[in-house]
Amino acid sequence: MAWSLSRKVSVALLGILLSTMVMTGAFGYYKFQSVLSDQVNSRYSFVVFTIKRKIEDRLALGLALRALRQIQELAELEKARDSQILGIQIYDSNREVLFDTDRGTIGSRVPSTWLEPLSAQGTQPFSLTDEDSALVGLPLVNTLGKVEGAVVLRYPATYLEQELGRLLQRLAGEFAVVLLGSAVLSVIAASWLLRDVRQRLVAMENTLNQSVTKGAPAKPGRDAFEGDFVRFCGKAREAVEQIGEASDEVERLDRLA
Amino acid sequence: MKLDSSRSLLIRLFALAVLVLVTPLSILSLRALGEFEQGMVPELDKKAAAIGRDVAGQVSRALGYGIPVDRLVGVDEFFSPMLEANPEIRYLAITDPVGRVKFINGVDRDELEPHYRSADMNAVGADGVKSSIGAYMDLALPLTAGQTVAGHVHVGFDQNHIATRLSDILADVAVVIVSSLIIAFEILLFVVFVNVTGPLKLLRDLVNRAGHGDFTHVPTSGSDDEVGRFLRAVQGTLRQLDGRYRQLMAYVDEVRSGHFDKGVVAKVGDVADRINFLYRFSPSGKPEPMVERRATDIRLALFLFVFAEELSRSFMPLFAGRLASSVPNVPIDLVMALPIALFMAAIAIASPLAGQLAERVGPRRLFLIGAVPATIGSLMTAASFGMFDLILWRTLTGFGYAMATMACQSYISHAVKSDRRAQGLGVYVAAVLTAGIGGNALGGVIADRIGLRPTFVVSAILVVLAAMLVSRLLSSADPAPGEDQPRPPGGRHLLRLLRNWRFTVLMVFAAVPAKMALTGYLFFLVPVTLSQQGWEVAEIARIMVLYPLVMVAVSPLAARLADGLGWRAGQVAVGGLIGGVGLLAPLLLGGGPLSIVVSITALGVSHGMSASPQLALLPDLCWTECRRLGNTRVLGFSRFVERLGSVAGPILAALFIPLWGMSGAVAGLGVVVLSMAVVFAIASAAYGSGPHIETEEDPA
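Residues numbered from 1 in each chain as written. Chains lettered and ligands numbered in written order. Predicted model: local features only at pLDDT ≥ 70, side-chain atom pairs only at ≥ 80, totals over all residues. Heavy atoms only, no water.

A. Structural view of the UniProt feature "domain: HAMP" (unreviewed entry) in chain B. What UniProt calls "domain: HAMP" (unreviewed entry) maps, in this numbering, to residues 194–246 of chain B. In residues 194–246 of chain B, the share of helix is 74% and the share of strand is 9%. The end C-alpha atoms are 33 Å apart. (UniProt positions renumbered as here; feature names shortened; annotations may be inferred. Helix = DSSP H or I, 4+ residues; strand = E, 2+ residues; numbered from the N terminus.)

Structure (structure tokens):
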């Protein structure tokens, strides 16, 4: 495949455009993902915080965590308010699940790794990941500052991907259309911009052929470069003629014998 | 449009690049941003609803005990921490059933009350009602006391909150677009020069020669584009002509050797002499291909190489700071400065050696040799686990950098004729400056998005790309093996340059402080200061880019002024004073971003004003030495001396920090730079003008 000047320029431009689009797209996407993820986390952290506050209010009255029966209803109410919440669990510092929106798991034990954030982070929200869900949690602290357990909210790990996937698909389609449009524009524009160069090169090539091989007089050039080229054609023509005449003369002299 | 000039063609194609790159990217970015904002709205609504429900629940409980809305106590104490913990929420308010604001926190009551009073609050259901009030989005939820609605809770968030959170995306897009345009410019320059103007310039030289009857050379062409086809046509014509000539000469030889009539032999000899008098053909038996080195051949590779190095400019001290804990008993600021200082030291030490190596092995091989430590250095920097190995890898990268850049300088100086050396230097400086703008800015964005360590991997990839370009394009650039190069005068001769007081004063009081300010302030203090103020790497990079931008704007004007007025020493002095005063900005404006912007701008103006006149001043100040040692050696030595300033800058700045803090360190560096500039300004008054030949008395 012949690579014309306009094709080279178009390919260079489209290569740069494509890499720039991929880069800006990727950077923009990851930034958006991070902002959205922060927002989702912050919302669920708030929900967890409201449950934590209500539990700690009751703990402040001197009640034991295990004895706070209303907490089960509270957790179920919060879950009912948001279809994205998979479950809300309250477990104690012995890893035992005391309350859970999935009542079947009450009494079971949470993984030991779920206790680590309680000692490390004190009162800060923490994030965990389970098999297919993401968790946001807060430790439950009594009035003496002792960590009694934690409340965690579970939401689908794929939630963000689902939200972003649809968006990404739509944008990818638009990216493809714009890239295609730019490709067409770039090929046409590059061809048009380089038309002058192409035409002048063809004209000079014709001048060379006409002048040197057929002996036609060369047309004057448009600028210094073409002027020099016309002079070159004239000189080449002159050399061809001189060499031709010299050859004839040598031949004539050779035959003089 | 001139066919053998890049300028007009490049302008047209760059305009096309702007059209093809900026338009679609702007449209897509705005579309994507719109989509992103829309995608965020439901999440904000849910958050506002969660907060609103919580507030409504708690207040309703109090109302349930029979406390009237306007008698509630401690509402402010209840709202304040909630607003503080949720910055996207701008206000919280409680209104009575007719919309009178009873409690509000976050905005002025008068901003909202007229709206609440005119709104139909009876329409607010259990799920609440969302409405737009000026710059806010308001969610109203009912407050119930038993079965009656006793008022409403209002949660308001800033409508521009999402746009503000996503504004970084727009800034990133702008940086990436500008960097892409710079890369596009370099690539288009390369495409135009390699494919169009370069071969046509060569052809012009060739047709000029042929116009005077010299047909010894033919143009070369490996491409199959329009220019390639045209060159092949010219080549065909010249080969045909050469063939006819050889045929004639063969015939002449045949007649000369075979003819019995001496008179005919003499006449045939005359014919051959006439042709050889009128025209020149290659004595080697066939026309030789015309090949010529051009400064632009290496520009793209140089650009990519420097671009790679610039990627880490905005965060190098911060990266070092993360590893600094591994060095006991050394102040952390000094540890953070060491990788920059030692990188500069490696360049200073390796550059003279690399210059000599370039003469021996040729620029192509030297570039490829230099690419090896540069690539390994970048890759290992990405993997470094402690301060000591970071310093080792940065030093190695510095050696590679020195070799590659010296290879480019050597190639350019060989490619351009001595009377066009300034033009060649312009190619070098332009590539370095554009790489500085694009690399620094893009490096910040990349580091922010994918991390500091992966950015060094990107650097390594770019260095490999640059090496591949050099390997492919400069195959015939190296000198023939064993080619005798004149041995340059030794280092002792160069040290004698320091006896020339004008040269020494210029170096010590102008060149060295300029570099000290560049590395100590811009490369070290700016990233550290801004990072401490909570700025992200991408933002730091955007501010640092001001320096090359200002330089690009000021340099041509300064060069024109220097040529026009011939007041070079004065310009260097004024530039130095501006740089020194600029660094004192924190004393007047404090340590905030404004003072940093002012200082960087002043530094850009300072270096833009003084860099070219300083270079142009050298041949005048060292007229005798330049004749004896050569301009290049004198220039090389001056670069070595000024790089000592590059080494000292970060160390000095780091030593100032524990004494006077960040702003104090900047001002301290400013005092040092300003004092030296004042000394130079006073001394330069005694420089006089024109070449100084009195040092010729110096015994060689």
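B. Examining the domain arrangement of chain B more closely. When cut into domains, chain B gives domain 1 (20–165), domain 2 (213–292), domain 3 (295–473) and domain 4 (491–694). Of note, the centres of domain 2 of chain B and domain 3 of chain B, computed from C-alpha atoms alone, are 50 Å apart. (Domains from an automatic or database assignment.)

C. Spatial organisation of the interface of chain B and chain A. Counting from both sides, the interface comprises 92 residues of chain B and, opposite them, 79 residues of chain A. Across the chain B to chain A interface the summed buried area is about 8000 Å²; carbon plus sulfur atoms make up 73%. Remark: the boundary between chain B and chain A carries eight salt bridges. Put simply, Glu43 of chain B and Arg43 of chain A hold a salt bridge, and the shortest N to O gap is 2.9 Å. Where the side of chain B that touches chain A is concerned, the elements lending two or more residues are helix H1 (6–64), helix H2 (75–85), helix H4 (161–165), helix H5 (167–211), helix H6 (226–258), helix H7 (262–278) and helix H13 (421–450) of chain B. In terms of residue count, the dominant contributor to the side of chain B that touches chain A is H1 of chain B (26 residues). Tallied by class, the residues present in the side of chain B that touches chain A amount to 57 nonpolar, 13 polar and 22 charged. (Contact = heavy atoms within 4.5 Å. Buried area = accessible area lost by both parts, 1.4 Å probe. Salt bridge = Lys/Arg side-chain N within 4 Å of Asp/Glu carboxyl O. Nonpolar A, V, L, I, M, F, W, Y, C, P; charged D, E, K, R; others polar.)

D. Highlighting the pairing of strand S4 (residues 136–145) of chain B. All names here are of chain B. With eight of ten residues buried, S4 is to be regarded as a mostly interior element. Two successive antiparallel strands, strand S3 (residues 129–133) and S4, enclose a turn made up of two residues, where Gly134 displays a positive phi of approximately 55°. With ten bridges joining them, S4 and strand S5 (residues 148–158) adopt antiparallel strand pairing. For Leu139, the partnering residue across the bridge sits in S5 and is Val155. (Buried < 20%, exposed > 50% of the residue type's maximum accessible area, 1.4 Å probe, protein only. Pairing = 2+ DSSP bridges.)

E. Representation of the packing of aromatic side chains in the model. This model, assessed by the stated rule, comprises 22 aromatic pairs over all chains. Residues Tyr29 of chain A and Tyr30 of chain A carry aromatic rings whose centres are separated by 5.3 Å and whose planes lie at 70° to one another, so their mutual orientation is edge-to-face. Three or more aromatic residues joined by ring pairs make a cluster, and in this case those are Phe215, Tyr245, Tyr279 and Phe281 of chain B. Its guanidinium or amino end placed over the ring of Phe523 of chain B, Arg313 of chain B lies 3.8 Å from that ring's centre, counting from NZ or CZ. (Phe/Tyr/Trp six-rings, centres within 6.5 Å; stacked < 30°, edge-to-face > 60°. Lys NZ or Arg CZ within 6 Å of the ring centre and 35° of its normal.)

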